[in-house]
Amino acid sequence: MLPESFLLSFLSNYFYMKPLKITSNFEVYESVEELPQAIQNLMNKAILARDKAYAPYSQFKVGAALALNNNEIVAGSNQENASYPSGLCAERTAIYYAGAAYPEAQIQNIAISAKSMKHKVEAPVPPCGACRQALVEYELKQKAEIAVYFMGESGKVMKANSIKDLLPLIFENSVL
């Protein structure tokens with residue numbers, strides 16, 4: 001008869017999945033003022049877009065600004081609708097506009113700022129899952145990473161060098 005420890009070791013190595021560790025790297029800036037000047041300008045465009053958001057239901061305003069490689073800046077804000085989920089997030093509003101208006105341009109950076117009308121948001125607010133999927137589609141399409149800068153209404157700003165840092169197990173066309 002085999003020792004129990006041998007059997008358990010054999011079974012766990014043969015029949016059970018092994019853990020997979022996934023890590024993401026981010027940069028954290030204490031404030032917008034620490035960002036490179038071009039990214040400060042981009043974040044300021046996101047903040048202006050955020051303040052134009054139509055968010056009467058959630059009371060949560062989000063603005064996004066994209067820097068394109070053709071020197072254009074495209075901004076968007078969340079647009080809500082009483083018929084959920086007919087609204088659209090700021091990031092997708094900006095991405096889809098950029099895709100329609102400048103189909104050949106590449107997105108280099110995106111800046112995102114979020115603000116609640118109910119309380120102060122000081123922690124960085126990353127894109128939702130649907131927006132991450134939309135962003136990764138464009139990152140794959142252009143075969144170049146998109147840097148993502150995100151913040152609340154004030155305070156720290158986080159940077160991901162690629163959407164894949166925010167969505168490491170991507171769903172892409174190769175699985176279709």
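Residues numbered from 1 in each chain as written. Predicted model: local features only at pLDDT ≥ 70, side-chain atom pairs only at ≥ 80, totals over all residues. Heavy atoms only, no water.

(A) Here's a closer look at the overall build of the protein. Each helix and strand counted, the protein has 5 helices and 6 strands in total. Whereas a compact globule of 176 residues would reach a radius of gyration of roughly 16 Å, the protein reaches 20 Å, over 25% beyond that. Principal-axis analysis of the C-alpha atoms places the extent of the protein at approximately 75 × 40 × 40 Å. Within the protein, the proportion of its 176 residues that are buried is 39%. Total accessible area on the protein stands at roughly 10500 Å², and carbon and sulfur atoms take up 55% of it. (Helix = DSSP H or I, 4+ residues; strand = E, 2+ residues; numbered from the N terminus. Rg over C-alpha atoms; globule rule 2.2 N^0.38 Å. Buried < 20%, exposed > 50% of the residue type's maximum accessible area, 1.4 Å probe, protein only. Areas by Shrake-Rupley, 256 points an atom, 1.4 Å probe, with all protein chains shown as cover.)

(B) Region of interest: the sheet that holds strand β2 (residues 60-68). Strand order in this open sheet of 6 strands is β1-β6-β5-β4-β2-β3, and the pairing throughout is mixed. Where the open sheet ends on each side, the last strands, each with one partner, are β1 (26-29) and β3 (73-77). Taking each pair of neighbouring strands and ignoring which way they run, the sheet shows an average axis angle of 15°. Here strand β4 (residues 107-116) pairs with strand β5 (residues 147-151) via 5 bridges, running parallel. Paired with isoleucine 110 across the strands is valine 148, a residue of β5. (Pairing = 2+ DSSP bridges. Axes fitted to C-alpha atoms, helices over the stretch in contact; angles between N-to-C directions.)

(C) Structural view of a nonpolar patch on the surface. A surface patch of nonpolar side chains, amounting to about 340 Å² of accessible area, comprises Leu20, Ile22 and Leu169. If you trace the backbone, leucine 20 turns up in the loop between α1 (4-15) and β1. On the basis of relative accessibility, which here comes to 68%, the residue leucine 20 falls in the exposed class. (Patch = residues over 30% accessible without salt bridge, like charges linked within 9 Å, V, L, I, M, F, W, Y side chains within 5 Å. Salt bridge = Lys/Arg side-chain N within 4 Å of Asp/Glu carboxyl O.)

(D) Broad picture of the environment of alanine 160. Within the fold, alanine 160 resides in strand β6 (residues 157-160). Residues alanine 160 and isoleucine 22 lie 138 residues apart in sequence; the distance between their C-alpha atoms is 15 Å. Setting aside residues no more than four positions away along its own chain, alanine 160 makes contact with Asn25, Phe26, Ile146, Ala147, Val148, Asp165 and Leu166. (Contact = heavy atoms within 4.5 Å.)

(E) Focus on helix α2 (residues 37-50). Counted at 1.5 Å a residue, the expected span for α2 with its 14 residues is 20 Å, and the 20 Å between its end C-alpha atoms agrees. Taken residue by residue, α2 has Ile39, Gln40, Leu42, Met43, Ala46, Ile47, Ala49 and Arg50 as its buried positions. Where α2 is buried, its residues touch β2, β3, β4, β5 and β6. (Expected span 1.5 Å × (residues − 1).)

(F) Structural view of the nonpolar core. Of all hydrophobic cores here, the largest spans 27 residues; its most connected members are Leu66, Leu68, Ile110, Ile112 and Val148. Counting residues per element, the ones that place at least two in this core are β2, α3 (90-101), β4, α4 (129-142), β5 and α5 (163-166). Counting 15 residues, the second-largest nonpolar core is a separate cluster that includes Val32, Ala46, Ala111 and Met151. (Core = buried A, V, L, I, M, F, W, Y, C linked by side-chain atoms within 4.5 Å.)

(G) Quick peek at the side chain of lysine 61. Of note, lysine 61 is situated in strand β2. No salt bridge is formed by the buried lysine 61; the nearest opposite charge belongs to aspartate 51, separated by 6.1 Å. With near-sequence residues (within four places) excluded, lysine 61 lies in contact with Arg50, Asp51, Ala53, Ala55, Asn78, Ser113, Ala114, Lys115 and Met117. (Lys, Arg positive; Asp, Glu negative; His and termini not counted.)

(H) Representation of the packing of α3 against α4 within the structure. Look at α3 against α4: their axes get within 9 Å of each other, and the N-to-C directions meet at 25°. Between α3 and α4, the angle is such that the two are roughly parallel. Here α3 and α4 pass one another in a crossing that is left-handed. Between α3, through Glu91, Arg92, Ile95, Tyr96 and Gly99, and α4, the contact on the second element is made entirely by Ala130, Cys131, Ala134, Leu135 and Tyr138. Residues belonging to the contact of α3 with α4 are distributed by class as follows: 7 nonpolar, 1 polar and 2 charged. (Parallel < 35°, antiparallel > 145°, perpendicular 65-115°, else oblique. Left-handed = near helix turned anticlockwise from the far one by under 90°. Nonpolar A, V, L, I, M, F, W, Y, C, P; charged D, E, K, R; others polar.)

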